[in-house]
Amino acid sequence: MTVRIATWNINSVTARLPKLLEWLESAKPDVLCLQELKCAADAFPYEEVRALGYETEAHGNGRWNGVAIVSRLGFQDVVRDLPEQPGYLADDALVPVIEPRAIAATCGPVRVWSVYVPNGREVGHAHFRYKLDWLATLRESVLADAAGERPFAVLGDFNVAPTDEDVYDLADFEGATHVTPVERAALAALREAGLADVMPRPLKYDRPYTYWDYRQLAFPKNRGMRIDLVYGNAAFEAAVTDSYVDREARKGKGTSDHTPVVVDLNL
DNA sequence: ATGACCCGTCGCACGGGA
């Protein structure tokens, strides 16, 4: 069977609902991993998505973060949060908060995690340490599936550009997060656990960027970053027939600042 | 063409995004 899997940081599923429905109808993914829902799980537009033939497992608590898996292949073994997922201790908080940044499910022949890795804010910030801890915990969480025979992938907004080629101008990122050796080492540790970076085709220009800032004409100027990634195990990678970044979804008004990454599989 | 930030919020600016 052919299976189409995609990931999209949608930057508010409420604000993006017309775009989401339009994209589901045109791209027809079998499984779509979403990040940055910015809504509570019970506020997800389940009915509108169901009308197009999809069920949803959502994990969110309101204002920030939030992840979901939308599937027309059903759900088994849904897991919310990474096992041992670290929380974030904000400056004015007494206890760390476990944020809704990860959800896993088996959909038909494939198991996926939809992840929204912490941003890190600034190198040296407590949020940066949180980001590294979070990625290390992600690695521990996927070891068994990564080594398994079943097609498996981690999809989402990793908030790390894996190589210098994955940002429009390295000089603009001097001292910034998303490109540091320690963040990239955390991705390398995921690959060493048995996951491969499934590289998508760009549909225009030479690099498959997935994010362009809203400001300063970043999209028309193609000042982008590749930070939305698909990390698949050997069985997943062997089944890939195509992968591309759907930059069309970034055009016009009322879009997310990220655009979907699509992977086609023959299983 | 894709055009100079956008999201949610007990807001009337601000934190967060990257």
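Residues numbered from 1 in each chain as written. Chains lettered and ligands numbered in written order. Predicted model: local features only at pLDDT ≥ 70, side-chain atom pairs only at ≥ 80, totals over all residues. Heavy atoms only, no water.

1. Observations concerning the sheet that holds strand E7 (residues 110-116)
Okay, step 1: Strand order across the open sheet formed by 6 strands is E5-E6-E7-E8-E12-E9, with mixed pairing between neighbours. Edge strands, defined here as strands with exactly one partner in the open sheet, are strand E5 (76-80) and strand E9 (196-197).
Okay, step 2: Where E9 lies against strand E12 (residues 228-232), 2 bridges are found, and the strand directions are antiparallel. Among the inter-strand pairings, Ala196 is bridged to a residue of E12, identified as Gly232.
Okay, step 3: Contacts from helix H3 (residues 126-147) reach strand E6 (102-107), E7 and strand E8 (152-157), with the element oriented near 180 degrees to E7. (Pairing = 2+ DSSP bridges. Helix = DSSP H or I, 4+ residues; strand = E, 2+ residues; numbered from the N terminus. Contact = heavy atoms within 4.5 Å. Axes fitted to C-alpha atoms, helices over the stretch in contact; angles between N-to-C directions.)

2. Side note on the UniProt feature "site: Important for catalytic activity" (unreviewed entry) in chain A
Okay, step 1: If you check UniProt for "site: Important for catalytic activity" (unreviewed entry), the listed places come out as Asp228 in our numbering.
Okay, step 2: Residue placement: Asp228 occurs in strand E12.
Okay, step 3: Judged by relative accessible area, Asp228 falls into the buried class, the value being 2%.
Okay, step 4: Contacts of Asp228, omitting those with residues within four sequence positions, involve Asn9, Gly156, Asp157, Thr210, Tyr211, His258 and Val261.
Okay, step 5: Reaching out from Asp228, the side chain makes a polar contact with the side chain of Thr210 at a distance of 2.6 Å. (UniProt positions renumbered as here; feature names shortened; annotations may be inferred. Buried < 20%, exposed > 50% of the residue type's maximum accessible area, 1.4 Å probe, protein only. Polar contact = N/O pair within 3.5 Å; in protein donor to acceptor, adjacent residues only side chain to side chain.)

3. Structural notes on the protein's contact with DNA strand B
Okay, step 1: Looking at DNA strand B, there are 28 residues lining it, with Arg63, Asn119, Lys204, Gln216 and Pro220 nearest.
Okay, step 2: For DNA strand B, the backbone makes up 64% of the atoms found within 4 Å of the protein, where backbone means sugar plus phosphate.
Okay, step 3: With respect to DNA strand B, the side chain of Arg63 contributes an N or O atom lying 2.3 Å from a base nitrogen.
Okay, step 4: The separation between a base nitrogen of DNA strand B and a polar side-chain atom of Asn119 is 3.4 Å. (Near = heavy atom within 4 Å.)

4. Here's the deal with the UniProt feature "binding site: Mg(2+)" (unreviewed entry) in chain A
Okay, step 1: Annotation from UniProt places "binding site: Mg(2+)" (unreviewed entry) at Asn9, Glu36, Asp157, Asn159, Asp257 and His258. A compact arrangement is adopted by the annotated residues: their sequence extent is 250 residues, whereas the largest C-alpha distance between any two is 13.1 Å.
Okay, step 2: In this fold, Glu36 is placed in the loop between strand E2 (31-35) and helix H2 (46-50).
Okay, step 3: Overall, Glu36 belongs to the buried group, its relative accessible area being 13%.
Okay, step 4: The residues contacting Glu36, other than those within four sequence positions of it, are Asn9, Ile10, Asn11, Ser12, Val13, Asn65, Gly66 and Tyr116.

5. Points about the sheet that holds strand E14 (residues 261-266)
Okay, step 1: Taken in spatial order, the 6 strands line up as E3-E4-E2-E1-E14-E13 in an open sheet, and their pairing is mixed. Every other strand in the sheet has two partners, leaving strand E3 (55-59) and strand E13 (240-245) as the edge strands with one partner each. Pairwise comparison of adjacent strand axes, ignoring direction, gives a mean angle of 10 degrees for this sheet.
Okay, step 2: In the sheet, E3 pairs with strand E4 (residues 67-71) via 5 bridges, with the strands oriented antiparallel. Note on E4: the bridge partner recorded for Ala58 is Ala68.

6. Some remarks on the pattern of salt bridges
Opposite charge on two side chains allows them to pair when their charged atoms are near.
Okay, step 1: Scanning all chains against the criterion turns up 19 salt bridges.
Okay, step 2: Between Asp133 and Arg129 there is a salt bridge, with the nearest N and O atoms lying 3.1 Å from each other. Of the two residues, Asp133 and Arg129 both sit in helix H3, 4 residues apart, roughly one turn of that helix.
Okay, step 3: Given a relative accessible area of 49%, Arg129 falls into the partly exposed group.
Okay, step 4: Salt-bridge contacts for Glu248 lead to Lys251; the nearest nitrogen and oxygen are separated by 3.2 Å.
Okay, step 5: The class for Glu248 is partly exposed, based on a relative accessible area of 45%.
Okay, step 6: Given a relative accessible area of 38%, Lys251 falls into the partly exposed group. (Salt bridge = Lys/Arg side-chain N within 4 Å of Asp/Glu carboxyl O.)

7. Section: the side chain of Thr56
Okay, step 1: If you trace the backbone, Thr56 turns up in strand E3.
Okay, step 2: Other than its neighbours up to four places away in sequence, Thr56 contacts Phe44, Tyr46, Val49, Ala68, Ile69, Val70 and Phe75.

8. Re the environment of Arg150
Okay, step 1: In this structure, Arg150 sits in the loop between H3 and E8.
Okay, step 2: Separated by 85 residues in sequence, Arg150 and Ala235 have C-alpha atoms that sit 6.3 Å apart.

9. Some details on the side chain of Arg184
Okay, step 1: By the secondary structure assignment, Arg184 is in helix H4 (residues 181-192).
Okay, step 2: Judged by relative accessible area, Arg184 falls into the buried class, the value being 17%.
Okay, step 3: The residues contacting Arg184, other than those within four sequence positions of it, are Val160, Ala161, Pro162, Thr163, Asp164 and Val179.

10. Focus on the packing of aromatic side chains
Okay, step 1: For the coordinates displayed, the defined rule picks out 6 aromatic pairs.
Okay, step 2: Between Phe44 and Tyr46, the aromatic rings sit 5.1 Å apart at their centres with planes inclined by 50 degrees, giving tilted as the arrangement.
Okay, step 3: With relative accessibility at 4%, the residue Phe44 sits in the buried group.
Okay, step 4: The exposure class of Tyr46 is partly exposed, given its relative accessible area of 24%.
Okay, step 5: Plain terms: the ring middles of Tyr88 and Tyr130 are 5.1 Å apart, the flat faces sit at 35 degrees to each other, and that makes the pair tilted. Here the residue Tyr88 occupies a position in the loop between E5 and E6, and Tyr130 occupies one in helix H3, the gap between them amounting to 42 residues. In this pair, the class of Tyr88 matches that of Tyr130, namely buried. (Phe/Tyr/Trp six-rings, centres within 6.5 Å; stacked < 30°, edge-to-face > 60°.)

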